[in-house]
Amino acid sequence: MHIPDGFLDLHICAITYLATIIFLVFAFKRAREVIDEKHIPLMATLTAMFFAAQMMNYPIIGGTTAHLLGGPILAITLGPYAGLISMTIILLIQALLFGDGGIITLGANIWNMGIIGVFIPYIICLLILKIKNSKNALMIGIFLAAFIGDVLAAIFAGLELGLSTLTFPYSVPIAVTAMGLHHSIIGIGEGIVTIIIISIILKVRPDLMNIPKIAPKWMGELKISTMR
Amino acid sequence: MIKELLKAFEDLVYLERYPLLNGYLQKIDPRIKLFATAILIIVIVSTLKITPLLLLLITIISFTIVSKIPLKNFLIRVTIFIPIFAGIITLPLPFITPGLILTSFSIAGFSLNLTYEGVYKMILFTFRVWLSIAYLILLILTTKFTNMLYAMRRLKFPQIFIMLTSITYRFIFTFINESYRMILARESRITSKQRRLDIMRDLGNIIGTLFIRAYERGERVYFAMVSRGYSGEIKSINKLKIHVRDVIFLILTILICAVTILLNYLMVI
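This structure is a prediction, so every number in the text was calculated from the model and none was measured.

**Considerations on the overall build of chain A**
Then comes step 1: Scanning chain A from N- to C-terminus turns up 7 helices and 2 strands.
Then comes step 2: Written out in order from the N terminus, the α and β elements of chain A read α-α-β-β-α-α-α-α-α.
Then comes step 3: For chain A, whose C-alpha radius of gyration is 17 Å, the value lies close to the compact-globule estimate of 17 Å for 228 residues.
Then comes step 4: Counting only C-alpha atoms and orienting by the principal axes, one finds that chain A spans roughly 50 × 40 × 30 Å.
Then comes step 5: The buried share among the 228 residues of chain A stands at 66%.
Then comes step 6: Counted over contacts in chain A with a minimum sequence separation of 6, partners at least 24 positions apart contribute 77%.
Then comes step 7: With the model as given, the accessible surface of chain A reaches about 7,900 Å², and the carbon-plus-sulfur share is 71%.

**Quick notes on the layout of surface pockets**
Then comes step 1: Estimates place the volume of the largest pocket at around 1,800 Å³.
Then comes step 2: Secondary structure elements with two or more residues in the lining of the largest pocket: strand E2 (65–67), helix H4 (80–98), helix H6 (135–163) and helix H7 (172–204) of chain A together with helix H1 (2–17), helix H4 (71–79), helix H5 (82–89) and helix H7 (116–142) of chain B.
Then comes step 3: Considering each element in turn, the lining of the largest pocket owes the most residues, 7 residues, to H7 of chain A.
Then comes step 4: Split into classes, the residues belonging to the lining of the largest pocket amount to 32 nonpolar, 11 polar and 6 charged.
Then comes step 5: In this structure, the second largest pocket occupies an estimated 610 Å³ of space.

**Thoughts on the interface of chain B and chain A**
Then comes step 1: Contacts between chain B and chain A engage 77 residues on the former and 65 residues on the latter.
Then comes step 2: Together, the buried faces of chain B and chain A total about 6,500 Å²; carbon and sulfur atoms form 84% of this surface.
Then comes step 3: Linking chain B with chain A are 1 salt bridge.
Then comes step 4: Taking the shortest distance from any N to any O, the salt bridge between Glu-216 of chain B and Arg-205 of chain A comes out at 2.7 Å.

**Here we look at the packing of helix H2 (residues 39–53) of chain A against H4 of chain A**
Residues and elements named next belong to chain A.
Then comes step 1: In the contact formed by H2 and H4, the axes pass within 10 Å of each other and the chain directions differ by 55°. Here H2 is positioned oblique relative to H4, judged by the angle of their axes. The two elements H2 and H4 meet at a crossing, and its hand is right-handed. On the side of H2, the interface is formed by Met-43, Thr-47, Phe-50 and Phe-51, while H4 contributes Ala-82, Ile-85, Ser-86, Ile-89, Ile-90, Ile-93, Gln-94 and Phe-98.
Then comes step 2: When grouped by side-chain class, the residues that make up the contact of H2 with H4 number 9 nonpolar, 3 polar and no charged.

**With respect to the pattern of salt bridges**
Residues and elements named next belong to chain B.
Then comes step 1: Scanning the entire structure with this criterion turns up 12 salt bridges over all chains.
Then comes step 2: In this structure, Glu-178 and Arg-217 form a salt bridge, with 3.4 Å as the shortest nitrogen-oxygen distance. Here Glu-178, found in helix H9 (residues 159–189), pairs with Arg-217, found in helix H10 (residues 196–226); they are 39 residues apart in sequence, far enough to count as distant.
Then comes step 3: Look at Glu-178 and you get buried, because its relative accessible area is 6%.
Then comes step 4: A salt bridge links Arg-201 to Asp-198; its shortest N-O distance comes to 3.4 Å. Linking Arg-201 with Asp-198, this pair stays in helix H10, spanning 3 residues, or about one helical turn.
Then comes step 5: Judged by relative accessible area, which is 17%, Asp-198 ranks as buried.
Then comes step 6: In this structure, a network of salt bridges that share partners links the residues Arg-186, Glu-187, Arg-195, Asp-198, Arg-201 and Asp-202.

**Here's the deal with the packing of helix H8 (residues 145–154) of chain B against H9 of chain B**
All names here are of chain B.
Then comes step 1: In contact at an axis separation of 10 Å, H8 and H9 are set at 175° when each is read in the N-to-C sense. Judged by the inter-axis angle, H8 sits roughly antiparallel to H9. Residues Phe-145, Thr-146, Leu-149, Met-152 and Arg-153 of H8 form the contact with H9, whose own contacting residues are Ile-162, Thr-165, Ser-166, Tyr-169 and Arg-170.
Then comes step 2: By residue class, the composition of the contact of H8 with H9 is 5 nonpolar, 3 polar and 2 charged.

The rules behind the values
Residues numbered from 1 in each chain as written. Chains lettered and ligands numbered in written order. Predicted model: local features only at pLDDT ≥ 70, side-chain atom pairs only at ≥ 80, totals over all residues. Heavy atoms only, no water. Helix = DSSP H or I, 4+ residues; strand = E, 2+ residues; numbered from the N terminus. Rg over C-alpha atoms; globule rule 2.2 N^0.38 Å. Buried < 20%, exposed > 50% of the residue type's maximum accessible area, 1.4 Å probe, protein only. Contact = heavy atoms within 4.5 Å. Areas by Shrake-Rupley, 256 points an atom, 1.4 Å probe, with all protein chains shown as cover. 1 Å grid on protein atoms, 1.4 Å probe; cavity = no way out; pocket = protein on both sides within 12 Å on 5 of 7 lines; lining within 4 Å. Points joined across faces, edges and corners; volume = space filled by probe spheres on them. Nonpolar A, V, L, I, M, F, W, Y, C, P; charged D, E, K, R; others polar. Buried area = accessible area lost by both parts, 1.4 Å probe. Salt bridge = Lys/Arg side-chain N within 4 Å of Asp/Glu carboxyl O. Axes fitted to C-alpha atoms, helices over the stretch in contact; angles between N-to-C directions. Parallel < 35°, antiparallel > 145°, perpendicular 65-115°, else oblique. Left-handed = near helix turned anticlockwise from the far one by under 90°.

Right, here's the structure in full:
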């Protein structure tokens, strides 16, 4: 899912950088309003933890393995803006410390995994809880959110690759189908693991779900700490 | 599960060693290096012929040598994984691209034409990906991450972002270590081959527990920071200054980029 340098055309990189920076400006503006200095170390340790969590592989179909993309769980626990900030940090460290992903494709990677992969799951969860506010609905919502979020992020990655006609040798339909199919399998795994993580937190420390969620004002907050 | 984490440790040991060497690129200001790497990669991505890229290949090999990074190690590290992946996904290209036919042969009734244009496209794509990754890895191997963060701070990234990133960076190792211990404990209790769903359940439980521990650690870290005088701002005694050698390095890089762009216009292939 991390697109390395050399896979995307320059104008695609520029467009995705611009779109990402606009979102980030709003995210930091809102973050400054919502959190105080107490939450900075907290958010940092949680980001470090999700970084480690992304490294653990689990088997999916056949001999292939997948790892958590982490967008849905970040969205549900920290809120979309905070999730975007966390994801940006994770991707930046992965690029500048481990060489996963690239510098000029960083904008595209943040767009796919930090904006599409975080905002879409949050919105889906909110909508489903608006229809029915119960624990079962929440679990279904989390699964759908994680699945759709992953697949959409992959489809965007495929689109960016396919539209890079100068550098990437395959067309949009091939790239989108390959990425979408692969990640629809990964998405099921992500859905199951995210449900398990949320249910264990709700069982052991439901109060942790009250971490202030940094979300756009019009979106409203996801309240799940009282569900048992 | 455990292999990935061990690989991360290995990577980090490897990464921590080279930025401390007394080589040429290690002495360059991190801001300049970040900028130079970005424009070099932009030039690589916009070059659509192989010959100009050879100049950039010579450049990176010389940079690696003057920075005292073992060349063989470096080349292996750059080549494994992503460039090999790029090579594999472009394997069908020589056969599906129309153009001058080099050879044709038939397998099980299908006739395949190996075209010159296809082979060229495949080599160009893989080479370009390889070079981009090589320049990124050279930047990583010659710059300490804390210096990179300091450079970003001077480049006016939001302060809250720099602070979050630097604390995150320091705790990544703690949490990789913690996950490693939890997974090791789990593996040592397993006696038989597990079903897929069981593995996912255990993984979910491990991450859930890690989340709770991370939350509790975050609170402790905050109190530890407050007791050491934290008030929500970063202060650093690290000072960066642009020296003459930084300017020379920047001019050199821009010259190389200019020659590459020129060659891209002049050369046929």
